[in-house]
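Chain by chain, the residues run as shown.
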Amino acid sequence: MTSTMLSGKTALVTGSTSGIGLGIARALAEQGANIVFNGFGDAAEIAQLQKDVAAEFDVQTAYHNADMSKPAEIEALIAFATATFGGVDVLVNNAGIQYVANVEDFPVERWDAVIAINLSSAFHTSRLVLPRMREQNWGRIINLASVHGLVGSAQKSAYVAAKHGLIGLTKVSALETAHTGITVNAICPGWVLTPLVQKQVDARAAQNGISIEEAKKALLVEKQPSGEFATPAELGALAVFMCSPAANQVRGVAWNMDGGWVAQ
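Residues numbered from 1 in each chain as written. Predicted model: local features only at pLDDT ≥ 70, side-chain atom pairs only at ≥ 80, totals over all residues. Heavy atoms only, no water.

### Comments concerning helix H6 (residues 195-208)
Right, on to step 1. The end-to-end C-alpha distance of H6 is 20 Å, a good match for the 20 Å that 14 residues give at a rise of 1.5 Å each.
Right, on to step 2. All buried positions along H6 are accounted for by Val197, Val201 and Ala205. Buried residues of H6, viewed axially, fall in a sector of 85°; they line one side. Facing away from the buried side of H6 by more than 90 degrees, the exposed set consists of Leu196, Lys199, Ala206 and Gln207.
Right, on to step 3. At its buried positions, H6 is contacted by helix H7 (212-221).
Right, on to step 4. One or two positions beyond H6, positive phi appears at Gly209, with a value near 65°. (Helix = DSSP H or I, 4+ residues; strand = E, 2+ residues; numbered from the N terminus. Expected span 1.5 Å × (residues − 1). Buried < 20%, exposed > 50% of the residue type's maximum accessible area, 1.4 Å probe, protein only. Arc of directions from axis to C-beta. Contact = heavy atoms within 4.5 Å.)

### Observations regarding the nonpolar core
Right, on to step 1. If you look at the biggest cluster of nonpolar residues, it comprises 30 residues, and the most contacted ones within it are Leu28, Ile35, Val92, Ile142 and Ile187.
Right, on to step 2. Looking at this core, the elements that each hand over two or more residues are strand S1 (10-13), helix H1 (19-30), strand S2 (34-38), helix H2 (43-57), strand S4 (90-93), strand S5 (139-144) and helix H8 (232-243).
Right, on to step 3. Of the residues forming this core, the biggest block, seven residues, is contributed by H1.
Right, on to step 4. Not counting the four nearest positions on each side in its chain, Ile35 is found in contact with Ala11, Ala25, Leu28, Ala29, Gln60, Thr61, Ala62 and Phe85.
Right, on to step 5. Core analysis: the second largest hydrophobic core is formed by 21 residues, Leu77, Val88, Met133 and Ile141 among them. (Core = buried A, V, L, I, M, F, W, Y, C linked by side-chain atoms within 4.5 Å.)

### Here's the deal with unusual backbone geometry
Negative phi values dominate among residues other than glycine, just as trans dominates among peptide bonds.
Right, on to step 1. Backbone geometry at Asn137 places phi at a positive 55°, although glycine is not the residue there.
Right, on to step 2. Tracing the chain through its elements places Asn137 in the loop between helix H4 (108-136) and S5.
Right, on to step 3. On the accessibility criterion, Asn137 (44% relative accessible area) is partly exposed.
Right, on to step 4. Here Gln155, not a glycine, exhibits a phi torsion of approximately 70°, which is positive.

### Some thoughts on the state of the cysteines
Right, on to step 1. The full count for this structure, using the stated rule, is zero disulfides.
Right, on to step 2. No disulfide involves Cys188; its sulfur sits 16 Å from the nearest other cysteine sulfur, which is in Cys243.
Right, on to step 3. Using a relative accessible area of 0% as the deciding quantity, one classes Cys188 as buried. (Disulfide = S-S within 2.5 Å.)

### Observations concerning the packing of aromatic side chains
For any pair of aromatic rings, the description rests on two quantities: the centre-to-centre distance and the angle between the ring planes.
Right, on to step 1. Inspection of the entire model under this criterion finds four aromatic pairs.
Right, on to step 2. Considering the side-chain rings of Phe241 and Trp255, the 5.7 Å spacing of their centres and the 70° angle between planes classify their relative orientation as edge-to-face. Of this pair, Phe241 sits in helix H8 while Trp255 is found in strand S7 (residues 254-257), placing the two residues 14 residues apart along the sequence.
Right, on to step 3. Clustering of aromatic rings is evident, with ring pairs tying together Tyr99, Phe106 and Trp111.
Right, on to step 4. Positioned above the aromatic ring of Trp138 is the side chain of Lys9, whose terminal nitrogen or guanidinium carbon lies 4.3 Å from the ring centre. (Phe/Tyr/Trp six-rings, centres within 6.5 Å; stacked < 30°, edge-to-face > 60°. Lys NZ or Arg CZ within 6 Å of the ring centre and 35° of its normal.)

Below, the structure written as structure tokens:
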């Protein structure tokens, strides 16, 4: 059932054309928020996605294809959201990329790209939306970190460094806005069955000659004690909670939804 908790407000979700970002965008739209989508993909499919979400939840939607590794394009994205809807009330920094290699083998350009998209982009979006949030004395910034913002894994140096940094940015931003109606928090998912993770599952199944279900269990058992994936819808529900009055004093947290990964 569509709610009106965020009616009249605008949510910008980076990396929202699929996966976790889309799940969060849909959850916020269900609460009445207008949505600014961002991400890459087929233009016709993205246009259809906008129409579908707008129709399903009776909200307005827009799309901007900013490359989140480029500060100038991020500035253009925020300017577009402001021109279209008057500003950004809920910012979800979700865009991210991954690359896997040992530190000594890690390509410098890959390191720079991971840091730019997974960490620096959140700084740029935050610095650009905070002035208006302060004027209105209300806002929500939700940074999609990862369990890798809390623990490490081999061969993921750039990703782990960026996500640890994102949690640090979250804490500082929360302290700087502590006496306002703005809250800043991080969500730290473990394994989530997104299209990207499904590809890893499919590859593991093919490589080892096992079923898709067996491949899923093999992937999960290594890290996630529950043996189950988190879902984009569950992460969306947590984001909705963080936007609610019940979360007015939830500030600077790194909230893991990871099936027990970090509890080990």
